[in-house]
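# Overview (structure and organization)
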Amino acid sequence: MGIIFLLIVGAAAGFLATRIMRVEADILTTVALGVFGALIGGLLIRILLTITGALAGLVGAVLGAMALIWAYQTYIGRR
């Protein structure tokens, strides 16, 4: 079932991509472009989500530390 689903999604993705880019291709080429494009695109999205997820974690950690420093300086540090 997984291979059939991949072929259906690949055919749809290839069809949409060839129409958007105004490329004339036969059915086999359209499906192949869609399947391989989905694999490459999925890999790139996973890499980007991993990088941005780690970066978001770092940004959150820095903001949290800044909030604690501010609270410490405001309420405890200046006695």
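Residues numbered from 1 in each chain as written. Predicted model: local features only at pLDDT ≥ 70, side-chain atom pairs only at ≥ 80, totals over all residues. Heavy atoms only, no water.

Of note, T30 is situated in helix α2 (residues 27-76). Given the relative accessible area of 10%, T30 is considered buried. A distance of 2.8 Å separates a polar atom in the side chain of T30 from the backbone oxygen of D26. Excluding anything up to four places from it in sequence, T30 contacts G10, A11, G14, F15, T18 and A25. (Helix = DSSP H or I, 4+ residues; strand = E, 2+ residues; numbered from the N terminus. Buried < 20%, exposed > 50% of the residue type's maximum accessible area, 1.4 Å probe, protein only. Polar contact = N/O pair within 3.5 Å; in protein donor to acceptor, adjacent residues only side chain to side chain. Contact = heavy atoms within 4.5 Å.)

Bringing unusual backbone geometry into the picture now. A positive phi angle, near 55 degrees, is found at R22, a position not held by glycine. Tracing the sequence through the fold places R22 in the loop between α1 (2-20) and α2.

Turning next to the environment of L6. On the secondary structure map, L6 appears in helix α1. Its relative accessible area of 34% is what places L6 among the partly exposed residues. Measuring from C-alpha to C-alpha, the distance between L6 and G34 comes to 9.3 Å, with 28 residues separating the pair along the chain.

Function cannot be inferred from these measures alone, as they are strictly geometric.
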